[in-house]
Each structure stands twice: as C-alpha cells, then as structure tokens.
Amino acid sequence: MILGFSSFWHDSAAALIDDSGQLVAAIEEERLSRIKHDGAFPVKAIQFCLDFAGIQESDLDAVSYYRLPRLNVHHQLVHFLRCFPRSLQSLRDQSEWISEWRKMLRVRSNLKRHFPVLAHQPFIPVDHPTAHAASAFFPSPFTEAVVLVHDAMGEWAATTVFEGRHGNLTRLLQINFPHSLGVFYQTLTMFLGFNIRNDEYKVMGLSAYGKPRYLDTFQEMIRLTGEPGYRLNLRFFQFQYGTKPYWSPLLEEKLGPPRLPGEELTERHADIACSLQTRLQEVVLHLVTAIFSRTKTRNLCIAGGVGLNSVLNGVLLEKSPVSHLYVPSVAGDAGASWGSALMAHRRLQKCTSFRPVYRADWGPSFSDEAIERILQERHISYQRVEHVPRFCASKLAEGWTLGWFQGRMEWGPRALGQRSILADPRRAEMKDIINKKVKGREPFRPFAPSVLESHFADYFIAPNADPFPFMTTVFRVKPEKQSEIPAVVHVDGTARVQTVSANLQPLYAGLIHEFYQLTGVPLILNTSFNDNGVPIVCTPQEALDVFQRTGLDGLMIGAFWIAKP
C-alpha cells in the first residue's frame, strides 16, 4: 500500500491506495481540522487513512509527495535573481511563497516528527504537474488521452500538457511561471474584491451576469502565440515580484478602480468577470484545439486548480475537438496527493492499467448506532425512518429544505450526495430561500442539480451519454426544460450537473427516483452541507450544529429524521 500526501500551500490532503492501485481512503485536512483550505501538514488526514484501512505505519510500502521541494526552491532563487532588485520587495513583505517553500524543504522532518515509523519507509516525491496528470488520467476510463494540467504553479510549470497512453504519461508542452492561467485568474479575483484560492468560483458565477465589454483589454493582457500556447503581458501584473496587489497600475488604468471586499457589486464588476472568463476560454480553446490537431485521440483529462472552472470545462466539451472528458472529483492540489501515490505505484509496480473511478465517497462514515448514541447524548428528538428515499422525497416535494448526511464523506470540493443540502428544483424561490436562510451567501451564485444518469439527456445538452458524476462540468439546459427546474438554472441557461448512478450511489439515486415518481422531475437541487465560509460537515456533530443554527427544515442523518419544531 502507498500513502500520498500534499501540504504547505493550500488544501493539504492524504490518499491511500492498495496493492492494485485502487483508492482505499482519502480526505482533505480541512474536513478534520475545520480550517477552510487548510495547508498545514496533514496529520489528521494521514491518520484517518491509516485508521480506516486498519494498518500501521510499517505496513506501507512507500510514501509519496506531490512536489519536488528542492526543484521548487531552485526555480524560486533563479526567478528572484532574474527579477532583482524588484524581487527584494518579496523579502520585505515576508512573501507567503518563500514561507511555504521553506516548509516544503522540511517536509521529511515533519513526517518524522508526526509519524516516526513512516519516515523510514521509501519516500517518493513526484513533480507537481505529473502528480496532477496521474490523478486525472489513471482513474479515467481512457487508455489514450490528452491530459491538460493548468494551475497557478507547480515546481515552475503553470500549464502542462501530457499524452497519456497505456499507463504512460509523456510531456508534450510546458508553459512556465509567470505565464500562469491560475495566477491570472487569481489576480482578477483579488481585483474584484474576493479571496484568492477560495472565491474564484464566485467570479465564474458572476461572469454570467455581465458582458465581455473589456475583452479587448483582456486580449492585450494575455496573448496567444503561434505555437499552441499563450503569454501574459507582464506590464499588467506584479505578482511575479512576490508582492500584493498582484496587478500593476496599468490594470487600473484600463479597468478602473478595484472593488473593495464587501463593496456592492455593479454592472462594471460583472462585465470584468465576464471578460475574464471569456478570455480564459479563448486561450484554453486555442491551446486544446492546437494540441488535438497533432493527436489521434479525442479524449481529454483535466486536473489542476483551473480544472475546477466548470464553465470552461463545458465550453471545451462543446466547442473544441474533445469528444470525451474526464475531470476527477478532486482536480485541485488535494487530488495531487492521490496522483503522487498513483505515480509511485506505477514506478514501483510497473502497473500500466487502473480501474476507472466514478465514485467520490472515500472519507469517514458513521454507523446508525453511533449516530443514535450522539442524538441521545444531545437529547435531540428524532424518529427512525424505514424507507429513507421515499420519506425524504415526499418532504422535498412539499417544499422542505433538507440536510442529508449519509455514508462516507466525499473526496473533493463538491457535495455529491453524501454531505448535501437538498431542495425541490421546481420552486424558483428555493434559490433565495437557501441563500438567505441556510447558506448566507451571495445571491448571484447558482445551485446545481443532481440528475438520474438515465435522464441526463432529457434535460441537458451534451455531445455524448458519458457520466459526469463529479459536478465538474457546466451544460446548457434544454430551453423547453428551463421553466420546469428554475431553482437550478443559472441566469445564462446553464447548470453544473452531477449525474447519479443507481449502481454507485443506490441510496441517493433511490431518493431522486422517488422524487421523480412523485413529481415527474428526475433531479433535485444539491448544494454542500455547510455554513458559508466553513468546510463541508464531516461528522454527525457538525451536521447537527449546522442544522440547528441555520434555517434548514429537516435533517436526514443515517436512518434518523429530525425536524425543526
């Protein structure tokens, strides 16, 4: 067995695979520490994986890591000298980059401190783009594919393209920092008054409300090259010097003043978001189209933080030569822990094939006995339900908002029917009800549908009948269906869809099927079970806490139903 982990940047995580390369357990550190995007050494996540598998540290064959720390530092020093003397500012500002690289250099000493036996196992660091690529290609259903990795920065690569073929990954293209699509998007996220590495999806949602009025400026900001690539016009930026804000005065000359956090959003802000999203799509379409002109495959796998841009993923599927798309449930840095373990397994075992992964439930679970004991300790009134799907479907059809806590926790940023808040998609008012009473979040953000896999094509426009179980891709809703499910249709007529298989998620699929029997609609509204700004609930205690302090009407936790008085 091999344990992979990520740490010391953001979204630390651990993943454990067995001798056949199959995932056994995986979890982000934030779910256990309750610190959003926790980047600390993943002590709790590693311990969970060991405990779940019932193994000791000495039972592992190897430990893998999602970066090459020394190469990171080498490139940082070279970049520091190249940008001297302006890079001195990063030292004065106590740049977080420098701080995190220093921690990464000490990763093995941290491992020894927390897991002294584990520190003596073979240690296999994997370069960051390869770790991401492995997390997307090896669990995919494809024997051949183009693999696109795009994020802020690995050791130095910002965008990397691989060819995956029969268990091998061959690098075709690499675009290095500072020409980073991830940091480009982060910069404008910060400019629009949101938090980087947390709120990029808000900018993506906001973009649908605007028009690409500033597209000319963004085309000047990031330029296409004759080769399959792009380059940032660094006159607009100063992140390359390790300083904040990430943009230069030229950006403000072109776009106007930045939005302050909490300031009212205006049409100008929506237009900036739309122009940003449009340009990102143009650039990646250019890149992918050029790469596919050189390959025979029409399969695409995506990983890296930019791979979480579900609108972009939908555009690639609709407008590029891509016929089939696979994006794992955990495309960001947490998933690179899994990818590093898969790559280490590939090197040690010379394995050339892995089974496709269409599940995301790899975290902790709690028995009905354990849940009932907690309810009794808290003196909470409850009832045991015999037919959970039928009971909850009737509540949803009556307009209740439900917390849904079932089985093992999801691996990745999306709630996928294990730790979810559910509602009736037919009720247009449901979006405002959940935003105000439950989530306390911005009104422009859309909610997603979970649809029975067999009915996906009835409601959404897609080029094929592939499953999309991880809510990583946006599709256009068929015009004649939009009025039927208004609570999950975004302002531009799209939805970020999760397809649900009865074979893989029998309880959740059973709930949607029962709702379909009652209403004629084979999908429900699904959003993450949490408060705004905190991680998705992991334990029964956390589920009860969120239920009690929000406006949820009911909670189905295991076999037990709790209703507000």
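Remember, it's a predicted structure, so these values are computed and weren't measured experimentally.

**Remarks on the overall build of the chain**
Secondary structure assignment for the chain yields 20 helices and 23 strands. For 565 residues, the compact-globule estimate of 2.2 N^0.38 gives 24 Å, and the C-alpha radius of gyration of the chain, at 23 Å, lies within 12% of that figure. With the principal axes as the frame, the chain shows a C-alpha extent of 65 × 60 × 50 Å. Looking at the chain residue by residue over its 565 residues, the buried ones come to 62%. Of all intrachain contacts in the chain linking residues separated by at least 6 positions in sequence, the fraction that spans at least 24 positions is 71%. Counting only carbon and sulfur atoms, one obtains 51% of the accessible surface of the chain, whose full area is about 21,400 Å². The centroid of the 60 positive side-chain charges in the chain is displaced by 5 Å from the centroid of its 56 negative side-chain charges.

**Side note on helix H7 (residues 128-137)**
Every α-helix winds through 3.6 residues per turn, so residues three or four apart in the chain are directed the same way. Counting buried positions along H7 gives ten out of ten residues, so the element sits mostly inside the fold. Every buried residue of H7 is listed here: His128, Pro129, Thr130, Ala131, His132, Ala133, Ala134, Ser135, Ala136 and Phe137. Each element contacted by the buried residues of H7 is listed here: strand E6 (144-150), strand E7 (157-165), strand E8 (168-176), strand E11 (299-303), strand E12 (324-326) and helix H14 (333-349).

**Some words on the pattern of salt bridges**
Taken as a whole and assessed by the stated rule, the structure comprises 22 salt bridges. Among the ionic pairs, Arg476 bridges to Glu318, the shortest N-O distance being 2.9 Å. Taken together, the positions of Arg476 in strand E18 (residues 474-477) and Glu318 in helix H13 (residues 310-319) put the pair 158 residues apart, joining distant regions of the chain. Judged by its relative accessible area of 37%, Arg476 falls in the partly exposed class. The exposure class of Glu318 is partly exposed, given its relative accessible area of 44%. Each of Asp199, Lys202, Glu442 and Arg445 takes part in salt bridges that share partners, so that together they form one network.

**Let's talk about the nonpolar core**
Counting residues in each nonpolar core, the largest one holds 115 residues, and the members touching the most others are Phe184, Leu188, Phe218, Leu300, Phe460, Ile485 and Leu511. If you tally residues by element for this core, the top one is helix H12 (residues 267-292), at twelve residues. Of the residues that make up this core, three or more belong to each of domain 2 (176-326) and domain 3 (364-563). Residues in contact with Phe460, not counting those within four places in the same chain, are Pro449, Val451, Phe475, Arg476, Val477, Lys478, Ile485, Ala495, Val497 and Leu523. Counting residues in hydrophobic clusters, the runner-up holds 73 residues, among them Ile124, Leu169, Val357 and Cys538.

**Describing the sheet that holds strand E17 (residues 460-461)**
Reading across from one edge, E17-E18-E19 is the order of the three strands in this open sheet, with antiparallel pairing throughout. A single partner strand is all that each edge strand has here, and the edge strands are E17 and strand E19 (494-496). Of the strand pairs in this sheet, E18 and E19 are connected by three bridges, and their pairing is antiparallel. Within E19, the position partnered with Arg476 by the bridge is Thr494. In this fold H13 packs onto E18 and E19, with an angle of close to 70° to the strand it touches most, E18.

**What about the side chain of Arg346?**
Tracing the backbone through its elements, the reader meets Arg346 in helix H14. Within the buried core, Arg346 has no salt-bridge partner, and the shortest N-O distance to an opposite charge, that of Glu163, equals 13 Å. One polar contact links Arg346 to Asn168, side chain to side chain, over a distance of 2.5 Å. Residue contacts for Arg346: discarding those within four places in its chain leaves Phe138, Gly167, Asn168, Cys351 and Thr352.

**Digging into the domain arrangement of the chain**
Domain boundaries in the chain define domain 1 (2-128), domain 2 (176-326) and domain 3 (364-563). In this structure, domain 2 and domain 3 have C-alpha centres spaced 30 Å apart. With 19 residues of domain 2 at the interface, the matching set in domain 3 holds 21 residues. Contact between domain 2 and domain 3 buries roughly 1,600 Å² in total, counting both sides, with carbon and sulfur atoms accounting for 60%. Our count for the domain 2 to domain 3 interface comes out at two salt bridges. If you look at where domain 2 meets domain 3, you find eight residue pairs in polar contact (both at pLDDT 80 or more). Of all elements in the fold, only helix H9 (200-207), H13 and E12 reach the threshold of two or more residues within the side of domain 2 that touches domain 3.

**Quick look at the packing of aromatic side chains**
Summed over the entire model, instances satisfying the criterion amount to 28 aromatic pairs. With 6.3 Å between their ring centres and 40° between their planes, Trp404 and Tyr508 make a pair best called tilted. Of this pair, Trp404 sits in strand E14 (residues 402-405) while Tyr508 sits in helix H19 (residues 506-519), and the two are 104 residues apart along the sequence. Comparing Trp404 with Tyr508, the two get one shared label, buried.

**Structural notes on the pairing of strand E22 (residues 554-557)**
Burial along E22 is two-sided: the residues Gly554 and Met556 and Leu555 and Ile557 are all buried. Taken together, the four bridges between E14 and E22 define a ladder with parallel strand orientation. Residue pairing in the sheet places Phe405 in a bridge with Ile557 of E22. With four bridges joining them, E22 and strand E23 (residues 560-563) adopt antiparallel strand pairing. Across the sheet, Gly554 pairs through a bridge with Ala563, a residue of E23.

**Things to note about the sheet that holds strand E5 (residues 123-125)**
Spatial ordering of the open sheet is given by E3-E2-E1-E4-E5, a layout of five strands whose pairing is mixed. The open sheet has two edge strands, strand E3 (23-28) and E5, and neither has a second partner. On average, each strand axis in the sheet is tilted by 15° relative to the strand beside it, whichever way the strands run. One ladder, built from four bridges, connects strand E1 (residues 2-6) with strand E4 (residues 62-65); its direction is parallel. Note that in E4 the partner of Phe5 across the bridge is Tyr65.

**Things to note about the packing of H12 against H13**
Contact geometry for H12 and H13: axes closest at 10 Å, N-to-C directions at 45°. By the angle class used here, H12 and H13 are oblique. In the packing of H12 onto H13, the handedness of the crossing is right-handed. In this structure, H12 uses Gln277, Leu280, Gln281, Val284, Leu285 and Val288 to contact H13, whose residues at the interface are Val311, Leu312, Val315, Leu316 and Lys319.

**Focus on unusual backbone geometry**
With the exception of glycine, most residues fall at negative phi, and the peptide bonds are largely trans. Note that the residue after Phe177, namely Pro178, is joined by a cis bond; omega there is 15°. Its place among the elements puts Pro178 in the loop between E8 and helix H8 (181-191). At Asp11, a position not held by glycine, the phi torsion is positive, near 55°. With respect to the helices and strands, the residue Asp11 is situated in the loop between E1 and strand E2 (13-17). Located in the positive-phi region is His379, a residue other than glycine, with phi close to 60°. Mapping His379 onto the fold places it in the loop between helix H15 (368-377) and strand E13 (383-384). Residue classification places His379 among the exposed residues on the basis of a relative accessible area of 72%.

What counts as what
- Residues numbered from 1 in each chain as written.
- Predicted model: local features only at pLDDT ≥ 70, side-chain atom pairs only at ≥ 80, totals over all residues.
- Heavy atoms only, no water.
- Helix = DSSP H or I, 4+ residues; strand = E, 2+ residues; numbered from the N terminus.
- Rg over C-alpha atoms; globule rule 2.2 N^0.38 Å.
- Buried < 20%, exposed > 50% of the residue type's maximum accessible area, 1.4 Å probe, protein only.
- Contact = heavy atoms within 4.5 Å.
- Areas by Shrake-Rupley, 256 points an atom, 1.4 Å probe, with all protein chains shown as cover.
- Lys, Arg positive; Asp, Glu negative; His and termini not counted.
- Charge placed at Lys NZ, Arg CZ, Asp CG, Glu CD.
- Salt bridge = Lys/Arg side-chain N within 4 Å of Asp/Glu carboxyl O.
- Core = buried A, V, L, I, M, F, W, Y, C linked by side-chain atoms within 4.5 Å.
- Domains from an automatic or database assignment.
- Pairing = 2+ DSSP bridges.
- Axes fitted to C-alpha atoms, helices over the stretch in contact; angles between N-to-C directions.
- Polar contact = N/O pair within 3.5 Å; in protein donor to acceptor, adjacent residues only side chain to side chain.
- Buried area = accessible area lost by both parts, 1.4 Å probe.
- Phe/Tyr/Trp six-rings, centres within 6.5 Å; stacked < 30°, edge-to-face > 60°.
- Parallel < 35°, antiparallel > 145°, perpendicular 65-115°, else oblique.
- Left-handed = near helix turned anticlockwise from the far one by under 90°.

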